[in-house]
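Remarks on the overall topology
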Amino acid sequence: MRQRRILVVDDEKNIRLMLSHVLAADDTVVETAVNGEEALDKINETTYDLVLLDLRMPGMDGLNVLREIKTHAAKLPVIVLTAHGTVESAVDAMQIGAANFLQKPFAPRELREAVEHALKSSAEFH
């Protein structure tokens, strides 16, 4: 069975480490990016099964990164993460094509369930 590849995009190192730790498993490879530009470079070079994307980052914000991902890799599921979520930003993210929207802080179980659901839904479309 092929390993799943997940890209975690967040400007906060402790969040990247926590997400990597929570999602690490025998069948999952977790890679990280510190900003939107690095994330887009990695997505152009590597095939990922899922992206976890912070909404607020310096430089290119999460919604712009999401737009770019959906322009070039429309089927790649993206879960948007934010500590500063509003109904408006959630709606914007979902309209652009986010698979889900999680408000920080969230429980590890909640994250794992959202990831599994997004991966399963994505597999059904392929």
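Residues numbered from 1 in each chain as written. Predicted model: local features only at pLDDT ≥ 70, side-chain atom pairs only at ≥ 80, totals over all residues. Heavy atoms only, no water.

**What about the nonpolar core?**
The biggest cluster of nonpolar side chains holds 22 residues, and the ones touching the most others in it are L7, V9, V51, L53, I69 and V80. Beyond its immediate chain neighbours, meaning those up to four positions away, L53 contacts V9, G62, V65, L66, V78, I79, V80 and L81. (Core = buried A, V, L, I, M, F, W, Y, C linked by side-chain atoms within 4.5 Å. Buried < 20%, exposed > 50% of the residue type's maximum accessible area, 1.4 Å probe, protein only. Contact = heavy atoms within 4.5 Å.)

**Topic: the pattern of salt bridges**
Following the criterion strictly, the structure yields 7 salt bridges and no others. Put simply, D27 and R4 hold a salt bridge, and the shortest N to O gap is 4.0 Å. In this pair, D27 sits in the loop between α1 (13–23) and β2 (28–33) while R4 sits in strand β1 (residues 4–9), placing the two residues 23 residues apart along the sequence. Residue classification places D27 among the partly exposed residues on the basis of a relative accessible area of 28%. For K104, the salt bridge goes to D10, with nearest N and O atoms at 2.8 Å. Residue K104 is located in the loop between β5 (100–103) and α5 (108–125), and its partner D10 is located in the loop between β1 and α1; the two are separated by 94 residues in the primary sequence. A relative accessible area of 0% means that D10 is categorised as buried. Through salt bridges with shared partners, a single ionic network connects R4, D27 and E116. (Salt bridge = Lys/Arg side-chain N within 4 Å of Asp/Glu carboxyl O. Helix = DSSP H or I, 4+ residues; strand = E, 2+ residues; numbered from the N terminus.)

**A short note on the sheet that holds β5**
Taken in spatial order, the 5 strands of this open sheet run β2-β1-β3-β4-β5, and their pairing is parallel. One side of each edge strand has no neighbouring strand; the edge strands of this open sheet are β2 and β5. Each strand axis lies, on average, 20 degrees off the axis of its neighbour in the sheet, ignoring direction. Sitting on the sheet, α1 is in contact with β1, β2, β3 (50–54) and β4 (78–82), with an inclination near 170 degrees to β2. Packed onto the sheet, helix α2 (residues 36–45) meets β1, β2 and β3 and runs at close to 140 degrees relative to β2. (Pairing = 2+ DSSP bridges. Axes fitted to C-alpha atoms, helices over the stretch in contact; angles between N-to-C directions.)

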